[in-house]
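# Structure assessment
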Amino acid sequence: MPRHYPCVPQAAASTCAIHGYQAVVSRLPLILVRRPATITMAEATTTTAEITANGTAKPGPAVKIDVTEIAKPYREEVRTAIRDKCGGVGPKLVAFLANTDPYARQYAEWTGRACEADGIRYELRIITENELEEKLYEANEDPSVHGILIYYPVFGFFPSFYGGSMDDYLRDSVSFKKDVEGLSFTYRFNLYRNIRFMDAPSSLPPSSSGNPSQRPSAFAPQLKCLLPCTALSVVKILETIGGYNLDLPIGERMKGKVVSIINRSEIVGRPLGALLANDGADIFSVDIDSIYHFRRGQLLKTTETPESAVRRSDVIVCGVPVKSYKLPTAWVKPGAIVVNVASYKNVNEEELLNVPGVKYVPLVGKVTIAMLERNLIRLYEQYHAEASPGKDFKYVLENRPPMLKG
């Protein structure tokens, strides 16, 4: 079975003591760590550059970015929706904790506090791993439950009777109408094919939609596909701090950008790579013993090494779940964006913040939780509210080729 770097939460629930993840240390370069400098947050949306005498841009000082301000408008959007569309009574999110992983428990506490503050009804159900499958299916069928969240890892790579691992099986067993993490097979299937709406004519099979070619031209899809929370949080951060070119059309806003993602888990690295590739970027996906090049709808072989890929990269995302791994600062070019999504700090902050023009994001958790809440509101509006357009929506997957344009 391939080894990956699972990372923060399915969004924060990762461990390195299981499944041989310690092997990462021997395969990836290390650097010595010194105490990082304490640096206050700078305005992320400004350009950190000066103009030299010959008219070229010279990178300004590096900045360390606190994502609290990035999360705020999304959480305010959630509060407004609960007030205006839910009559002040928030949707119900049921979260299952069936492990003793300290990061999972910490993330459960963070999520509960955020949900309570924003008006979401959050219910944490602490159960044993052997109870989880039955309790999950009960929640799928319970009309009072609008969203379901499982804190992983539960079984790790322990195999499932149905194929794959038990954790994979559980992820795929969450109803797409309640999957706040956007990690079930339905959403992954559409993400990798760049299908952005559940009810788009190009994605609906005839069995549930009729002949798409006979639909009226005025037909507009209404049911957006959900995206994985941590991957989506990175996208929202990049949009805010200048990683995306917002002047370009949707689906092309990362065109010309090179991104290295040191993580290829199904939770973070792979879906994030697909999201950014679907928006036009060239992605170098780095795992323990391999590196691949992602382009929209394609996974390609490459002669790049982790070092050569990172040196080219405009954006670097680190998600290695071991304390001892540090990204070599010498690989980071001036002006690059570096995002840490691991539960451990994968960079030497003091050295990184001496690289001119670098924008460094040490934590993404607050935006991840905001995306979780946002996904819950979207599920409620699309499938659970009294007049929701997808209340009786049925969806049947077919094996069709990817859409190469957004």
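Look up: the structure comes first, before these words.
Read on for a plain summary of the structure. Think of each chain on its own: its residues are numbered from 1, step by step along the sequence as written. Thresholds applied to this predicted model are a pLDDT of at least 70 for local features of residues and 80 or more for the giving and counting of side-chain atom pairs; totals over whole chains, interfaces and linings are not thresholded and use all residues. Hydrogens and water molecules were not included; the side-chain quantities draw on all heavy atoms of the structure.

## A short note on the overall build of the chain
Labels follow the DSSP assignment, with helices taken as runs of H or I lasting at least four residues and strands as runs of E lasting at least two, numbered in each case from the N terminus. Broken down by element type, the chain carries 12 helices and 13 strands. Any two residues whose heavy atoms approach within 4.5 Å are treated as being in contact. For the chain, restricting intrachain contacts to residue pairs at least 6 apart in sequence, the fraction spanning at least 24 positions comes to 68%. For accessible areas, the Shrake-Rupley method is used with a probe of radius 1.4 Å. Any residue's cover is judged against the shown protein chains and nothing else. By element, 54% of the accessible surface of the chain is carried by carbon and sulfur atoms, the whole surface being about 18,100 Å².

## Regarding the environment of Asn263
In this structure, Asn263 sits in the loop between strand 7 (258-262) and helix 9 (269-278). Its relative accessible area of 1% is what places Asn263 among the buried residues. Along the primary structure Asn263 and Cys318 are separated by 55 residues, whereas in three dimensions their C-alpha atoms are 6.9 Å apart. In this structure the side chain of Asn263 is engaged in a polar contact, spanning 2.8 Å, whose partner is the backbone nitrogen of Ser265. The cut-offs for exposure are 20% and 50% of the maximum accessible area for each residue type, with area from a 1.4 Å probe on protein chains only; residues under the lower value are buried, those over the upper are exposed, and the others partly exposed. Think of a polar contact as two N or O atoms within 3.5 Å of one another; within protein, one of them needs to be a possible hydrogen donor and the other a possible acceptor, and neighboring residues in sequence only count if both atoms come from side chains.

## A few points about the packing of aromatic side chains
In summary, the pairing rule links any two rings of Phe, Tyr or Trp, Trp by its six-membered ring, whose centres are within 6.5 Å, and it sorts them by plane angle into stacked for under 30 degrees, edge-to-face for over 60 and tilted for everything else. For the structure on display, the rule yields 10 aromatic pairs. A ring pair is formed by Tyr162 and Tyr169, whose centres lie 4.5 Å apart and whose planes are at 20°; its orientation type is stacked. Of the residues examined, Tyr162 reaches a relative accessible area of 53% and is grouped as exposed. Judged by its relative accessible area of 14%, Tyr169 is buried. Arranged with centres 6.1 Å apart and planes meeting at 25°, the rings of Phe393 and Tyr395 form a pair that is stacked. On the accessibility criterion, Phe393 (14% relative accessible area) is buried. By way of ring pairs, the aromatic residues Phe176, Tyr383, Phe393 and Tyr395 are connected into one cluster. Over the ring of Tyr152 we find Arg171; its NZ or CZ atom is 5.0 Å from the centre of that ring. Placement of a positive charge over a ring is assigned whenever Lys NZ or Arg CZ falls within 6 Å of the ring centre and within 35 degrees of the normal to the ring plane. Above the face of the Phe189 ring, Arg193 is positioned so that its terminal group lies 3.9 Å from the ring centre.

## With respect to helix 12 (residues 365-384)
By definition here, a helix of n residues has an expected span of 1.5 Å times n minus one. Helix length check: helix 12, at 20 residues, gives a terminal C-alpha distance of 27 Å against a target of 28 Å (1.5 Å per residue), a fit within 8%. Among the 20 residues that make up helix 12, 16 are buried, leaving the element largely enclosed by the rest of the structure.

## Digging into the sheet that holds strand 9 (residues 291-295)
Only when DSSP finds a minimum of two bridges between them are two strands counted as paired. Sheet architecture is open: 8 strands sit in the order 3-13-12-11-7-8-9-10, paired in mixed fashion. The open sheet terminates on both sides in strands that have one partner only, identified here as strand 3 (63-64) and strand 10 (298-300). Two strands pair when backbone bridges link them, and strand 7 and strand 11 (residues 315-318) are joined in this way by 4 bridges, in the parallel orientation. By the bridge assignment, Ile262 is partnered in strand 11 with Cys318. Between N-to-C directions, angles span 0 to 180 degrees; the directions come from axes that are lines fitted to C-alpha atoms, helices contributing only their stretch in contact. Along the sheet, helix 8 (residues 229-241) makes contact with strand 11, strand 12 (337-340) and strand 13 (359-361), crossing strand 12 at roughly 150°.

## Quick notes on the environment of Glu350
Relative to the helices and strands, Glu350 resides in helix 11 (residues 349-352). Given the relative accessible area of 26%, Glu350 is considered partly exposed. Along the chain, Glu350 and Thr329 lie 21 residues apart, while their C-alpha atoms are 9.8 Å from each other.

## Topic: the nonpolar core
Within soluble globular proteins, side chains that are nonpolar tend to cluster in buried spots. The biggest cluster of nonpolar side chains holds 68 residues, and the ones touching the most others in it are Met198, Leu276 and Val339. Looking at which element gives the most residues to this core, the answer is helix 12, with 9 residues. The contacts of Leu276, once residues within four sequence positions are left out, are Val235, Leu238, Tyr244, Met254, Val259, Ile261, Ala281 and Ile283. Cys318, Trp331, Val358 and Tyr360 belong to the second-largest nonpolar core, a separate cluster that totals 24 residues. Think of a nonpolar core as a cluster: buried Ala, Val, Leu, Ile, Met, Phe, Trp, Tyr and Cys residues, connected wherever their side-chain atoms sit within 4.5 Å.

## Section: the pairing of strand 8 (residues 282-286)
The buried fraction of strand 8 amounts to 5 of the 5 residues, a majority that puts the element mostly inside the structure. Along strand 8, one buried face is formed by Asp282, Phe284 and Val286 and the opposite face, lined by Ile283 and Ser285, is buried too. Examined bridge by bridge, strand 7 and strand 8 share 5 bridges and lie parallel to one another. Bridge assignment links Ile262 to a residue of strand 8, and that residue is Val286.

## Observations concerning the packing of helix 2 (residues 68-85) against helix 3 (residues 102-118)
Between helix 2 and helix 3, whose axes approach to 9 Å, the crossing angle comes to 50°. Here helix 2 lies oblique to helix 3, going by the angle between them. Facing Arg75, Val78, Arg79 and Ile82 of helix 2, the residues of helix 3 in contact are Ala114, Ala117 and Asp118. Per-class residue counts for the contact of helix 2 with helix 3 are 4 nonpolar, no polar and 3 charged. Oblique is the label for every angle not falling under 35 degrees (roughly parallel), over 145 degrees (roughly antiparallel), or within 65 to 115 degrees (roughly perpendicular). Each residue gets one label: Ala, Val, Leu, Ile, Met, Phe, Trp, Tyr, Cys and Pro are nonpolar, Asp, Glu, Lys and Arg are charged, and the others, such as Gly, are polar.

## So, the sheet that holds strand 5 (residues 121-126)
Hydrogen bonds between backbone groups are what pair the strands of a sheet, and the pairing can be parallel or antiparallel. A sheet is described by the order of its strands in space; here 3 strands give the open sequence 5-4-6, paired in parallel fashion. Since the sheet does not close on itself, it has two edges, and those belong to strand 5 and strand 6 (147-151), each with one partner. Direction aside, neighbouring strands of the sheet carry axes that sit 20° apart on average. Strand direction decides the pairing type here: strand 4 (residues 92-97) and strand 5, joined by 6 bridges, are parallel. Bridge pairing in strand 5 places Lys92 opposite Arg121. In this fold helix 4 (residues 129-141) packs onto strand 4 and strand 6, with an angle of close to 165° to the strand it touches most, strand 6.

## Focus on the pattern of salt bridges
Close approach of charged atoms lets side chains of opposite charge pair. Basic side-chain nitrogens of Lys or Arg form a salt bridge, by our definition, when they fall within 4 Å of a carboxyl oxygen of Asp or Glu. On inspection of all chains with the given rule, the structure shows 23 salt bridges. A salt bridge links Lys92 to Glu123, with the shortest nitrogen-to-oxygen separation between them at 3.4 Å. Separated by 31 residues along the polypeptide, Lys92 in strand 4 and Glu123 in strand 5 bring together distant segments of the chain. Where Arg188 meets Asp172, a salt bridge forms, and the shortest distance between an N and an O atom there is 2.7 Å. Residue Arg188 is found in helix 6 (residues 185-192), and its partner Asp172 is found in helix 5 (residues 166-173); the two are separated by 16 residues along the sequence. The class for Arg188 is buried, based on a relative accessible area of 19%.

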